[in-house]
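Listed below are the residues making up each chain.
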Amino acid sequence: ILCTDRRAGAPTPHMLYEGNMGMTSRKPILVTGSHRSGSTWVGRMISASPSVGYIHEPFNPTFIPSACGAKFVYWYTYITDENESTYYYKHIKDTIEFRYNINTIIKNIIGGLKVVRSREHAKRVLRAYKSFSTYRSRKATPLVKDPIAFFSAEWLYKRFDMNVLVLIRHPAAFASSLKRLNWVCPFSSLLQQPLLMRDYLYSFEAQIKEYSNEEHDVIDEAILFWRIIHQVIIEYQSNHEDWIFLRHEDISRDPLHHFQNLFKRFDLDFSQHVRTVIQENTDPSNPSEAPESAADFTKRDSKSSIWNWKNRLTESEIERIREQVEDISKEFYSDSDW
């Protein structure tokens, strides 16, 4: 079980809790990992606590208007000390402090950008604004659920003194999920970020260029992207003993045990209400996977969902995945996991 529970020397951050906002002394929480790693499910279960305020993917470039005032051009934007600027810092700080980006939305509407495209869209904006107001008034602990912030995790950790939870997903399960949804991987967004390529992805540069220029099979794309993400996770593990690294499969097998540990680590009350929510969302009576039309659906039979990939992938696909990832996957998964 890859759940680190050590609290060694975090660097001094730019403190989040400044001024008179009066928020809780608990650290903000970042739940990240690759996409399709279970971050929505885990984030939602933790935010079942009334002490937590859920913030959904502020780094997502397709969320317009977004609760975060920063405009993200790339998938998996990499923010570091060299490119953070006051722009990123201010907007993300506002988001973590539950200051909804309502002024930016109004300016865009007045400017004719029509970012609120329908009545239902406007209702979603108002609901999100009200949620942020509620979180702020009850001094909730911010929980940022965002796999797209994965490469910026170290910057978020340093700047906002965050508790970081990194989720790890079996390579065949990741590939199976992308195959089911027919999702492509954002290789061109990685390539267009020189600092990211320099700091983390230099060893993958030739492959990323190839996959950015030519269309590849969804399984091959999944293999390369899984390798990239999990190679960086190995670096994170080496550099951050106080972060939590948790396999999706472990928390799926025994959700009450692992969520209880997470709540203890985050200084949250594991109440009967929270326990009931987790049980309802992981019960064997639930379907083993989400409907295709609801990729972020959280209510499922968590234990049986671990092996869905065996039914969706062919034997040759499984062999191909294992052969091409095993130099990295052996750090997380043994023969019994295949």
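Here we summarise the structure given alongside this text. (Residues numbered from 1 in each chain as written. Predicted model: local features only at pLDDT ≥ 70, side-chain atom pairs only at ≥ 80, totals over all residues. Heavy atoms only, no water.)

What follows is about empty space enclosed by the protein. Per the counting criterion, the structure on display carries 2 cavities of 30 Å³ or more. One number sums up the size of the largest cavity: a volume of about 60 Å³. Around the largest cavity, the lining residues are Pro58, Phe59, Cys68, Ile92, Thr95, Ile96, Val144 and Leu156. With 3 residues, helix α2 (residues 85–96) is the single largest residue contributor to the lining of the largest cavity. Its volume calculated, the second largest cavity comes out at about 40 Å³. What lines the second largest cavity is His170, Glu249, Arg253, Ile306, Trp307, Trp309, Tyr333 and Asp337. By residue class, the composition of the lining of the second largest cavity is 4 nonpolar, 1 polar and 3 charged. (1 Å grid on protein atoms, 1.4 Å probe; cavity = no way out; pocket = protein on both sides within 12 Å on 5 of 7 lines; lining within 4 Å. Points joined across faces, edges and corners; volume = space filled by probe spheres on them. Helix = DSSP H or I, 4+ residues; strand = E, 2+ residues; numbered from the N terminus. Nonpolar A, V, L, I, M, F, W, Y, C, P; charged D, E, K, R; others polar.)

Assignment of secondary structure puts Pro61 in the loop between β2 (52–56) and α2. Residues in contact with Pro61, not counting those within four places in the same chain, are Phe72, Val73, Tyr74 and Trp75. (Contact = heavy atoms within 4.5 Å.)

Topologically, Glu221 is positioned in helix α10 (residues 218–239). Put simply, Glu221 is tucked away with no salt bridge, and the nearest opposite charge, on Arg320, sits 11 Å away. Apart from residues no more than four positions distant in its own chain, Glu221 is found in contact with Val184, Cys185, Phe187, Tyr211 and His216. (Buried < 20%, exposed > 50% of the residue type's maximum accessible area, 1.4 Å probe, protein only. Lys, Arg positive; Asp, Glu negative; His and termini not counted. Salt bridge = Lys/Arg side-chain N within 4 Å of Asp/Glu carboxyl O.)

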